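# An overview of the molecular structure
So you can see what is in the structure, the chains are spelled out below.
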Amino acid sequence: MKQIYFANGKDPSLLRRSRKGITRAVTGTSLRLFPGITTRLAERMLCVTSPPRRKLVDLKFSVDELDVYDQKIRVFQTGTSDRSILFVHGWSGSSADFNAFYQPVLDAGFNVIAIDHVAHGASPGKVANMFLFVRAIEQVLNKNDTRITGVIAHSMGASAVVNAVHMRHGDLPVVLISPVFPFFESLYQSVDNFGISTEWVDRLLTVFENRYGRSIDEIDPKITIQKFSNPVLTIQDRQDRHIPLETNRQHFTPHISASLHETDGLGHFKILGAEEVVARSVRFVKENITHL
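Numbers given for residues are sequential positions, taken from 1 along each chain in its written order. Local features in this predicted model are restricted to residues of pLDDT 70 or higher, and side-chain atom pairs are both shown and tallied only at a pLDDT of 80 or more, whereas totals for entire chains, interfaces and linings draw on every residue. Only hydrogens and water are removed before side-chain values are computed, so all heavy atoms of the structure are retained for them.

### A short note on the nonpolar core
This is how it is decided: Residue types Ala, Val, Leu, Ile, Met, Phe, Trp, Tyr and Cys, when buried and joined through side-chain atoms within 4.5 Å, form a set referred to as a nonpolar core. Burial classes follow relative accessibility: with a 1.4 Å probe on protein chains only, a residue under 20% of its type's maximum area counts as buried, one over 50% as exposed, and anything between as partly exposed. Note on conventions: DSSP H or I runs of at least 4 residues are helices, E runs of at least 2 residues are strands, and numbering of each starts at the N terminus. Throughout, a contact is declared for two residues whenever any of their heavy atoms are within 4.5 Å.
Counting 61 residues, the largest nonpolar core has Ile73, Leu86, Met130, Ile137, Val140, Val151 and Val161 as its most contacted members. A per-element tally of this core places helix α5 (residues 130-141) first, with nine residues. If sequence neighbours within four positions are ignored, Leu86 has contacts with Ile113, Ile115, Ile137, Val140, Leu141, Ile148, Gly150, Val151 and Ile152. Membership of the second largest hydrophobic core comes to 28 residues, among which are Phe61, Tyr102, Leu272 and Ile289.

The following block contains the structure:
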């Protein structure tokens, strides 16, 4: 639900703040009285995605499907090279978010591999979460017939990539565009700003840990980024309203700080269409490939 994930928390109205207080109390009470029903409602409210905003550019993509925790994702591929760049979109995005990248990537001598996460773009499903994001990337990276030599990712997708590559793919060059390093903290803050009890998030994350057999700490980008050693380029706009640059800076390691490229006036989404960002990202991957 994009209205929650991208809530900015600015609410000067005393009346609206009072209403939020009442809503928090009601939602917290409902969880204690009806935990099963409320947890299902929480997943519907917090994990339902928005329809895609654009269509994938027509470049004669082949389409494959992969299983992700008994769900399906669509994987799009085009090009004739023996090396590929993987593109990973963010929350309520799709592979079409990177349309501006694909022809430059092909011109640079790479294949394009792009995924639509569960319940995003052309992939089936109704709900998604960070566990599904991370697993989807792992599945694509571990396929034997994809020779991925770099990854370019945006927003929540960039946060998931950090978790998916650092253990088994430490040599891959990675471009993180508008990443969300304090992802779970931002989720809690957005839910609280929206007026919903954060106990809903506590309960839902516990359900996810049991469902997928992984702990939150395993996929928390704030933790993983401290151990991240891949060749990395981080790109973020100074006017990003959805994840302020200064909020991310609090979690930067020297490795990430040294890689940062700041833009002006592109925000959180337009940054993916900027020629400067496209050129810099493709050049970085090309210059930092360590295996062929």
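### Regarding empty space enclosed by the protein
Selection criterion: Buriedness of a pocket was judged along seven lines, with at least five required to meet protein on both sides within 12 Å; pockets are open sets of points on a 1 Å grid over the protein atoms alone, cavities are sets where a 1.4 Å probe fits but cannot get out, and lining residues have an atom within 4 Å of a point. Grid points are joined across faces, edges and corners, and a volume is the space filled by probe spheres set on the points. Charged residues are taken to be Asp, Glu, Lys and Arg, nonpolar residues to be Ala, Val, Leu, Ile, Met, Phe, Trp, Tyr, Cys and Pro, and polar residues to be all remaining types, Gly included.
Evaluated as defined, the whole model comprises two cavities of 30 Å³ or more. There is about 40 Å³ of room inside the second largest cavity. Lining the second largest cavity are 10 residues; nearest its centre among them are Gly90, Trp91, His154, Ser155 and Phe269. Looking at the lining of the second largest cavity, its residues break down into three nonpolar, five polar and two charged.

### Regarding the pattern of salt bridges
The following threshold applies: Any Lys or Arg side-chain nitrogen located within 4 Å of an Asp or Glu carboxyl oxygen qualifies as a salt bridge.
Under the counting rule described, the total for this entry stands at 12 salt bridges. With a closest N to O distance of 3.5 Å, Arg135 and Glu138 form a salt bridge. Of the two residues, Arg135 and Glu138 both sit in helix α5, three residues apart, roughly one turn of that helix. A salt bridge links Glu262 to Arg249, with the shortest nitrogen-to-oxygen separation between them at 2.5 Å. Of this pair, Glu262 sits in strand β8 (residues 260-263) while Arg249 sits in helix α10 (residues 245-249), and the two are 13 residues apart along the sequence. One salt-bridge network, in which partners are shared between bridges, spans Arg238, Glu246, Arg249, Glu262 and Asp264.

### A short note on the packing of helix α4 (residues 99-107) against helix α12 (residues 275-287)
Formally: Inter-axis angles, ranging from 0 to 180 degrees, are taken between N-to-C directions of lines fitted to C-alpha atoms, where helices are fitted over the stretch in contact. Just so you know how the angles are binned, under 35 degrees is roughly parallel, over 145 roughly antiparallel, 65 to 115 roughly perpendicular, and the rest oblique. For a crossing to be left-handed, the near helix must be turned anticlockwise from the far one by less than a right angle; the clockwise case is right-handed.
At a minimum axis distance of 10 Å, the contact between α4 and α12 shows a crossing angle of 45°. Taken together, the axes of α4 and α12 are oblique relative to one another. Between α4 and α12 lies a crossing of right-handed hand. For the pair formed by α4 and α12, the contact residues are Ala100, Phe101, Pro104 and Val105 on the first element and Val277, Val278, Ser281 and Val282 on the second.

### Notes on α4
What counts is decided by this rule: Of all possible arcs, the one meant is that of the directions from the helix axis to the C-beta atoms.
Taken together, the buried positions of α4 are Phe101, Tyr102 and Val105. Each buried residue of α4 sits inside an arc of 105° when the element is viewed along its axis, so together they form one side. Where the residues of α4 are buried, they touch β3 (84-88), β4 (111-116), β5 (148-154), β6 (174-177) and α12. Of the residues flanking the end of α4, it is Gly109, one or two places downstream, whose phi is positive at about 95°.

### Section: helix α8 (residues 199-212)
Spelled out, the test is: Between the first and last residue of a helix there are one fewer steps than residues, each counted as 1.5 Å, and that sum is the expected span.
For α8, with 14 residues, the first-to-last C-alpha span of 20 Å sits near the 20 Å given by 1.5 Å per residue. Within α8 the residues assigned to the buried category are Trp200, Val201, Leu204, Leu205, Phe208 and Tyr212. All buried residues of α8 project into a common sector of 120° when viewed along the axis, lining one side.

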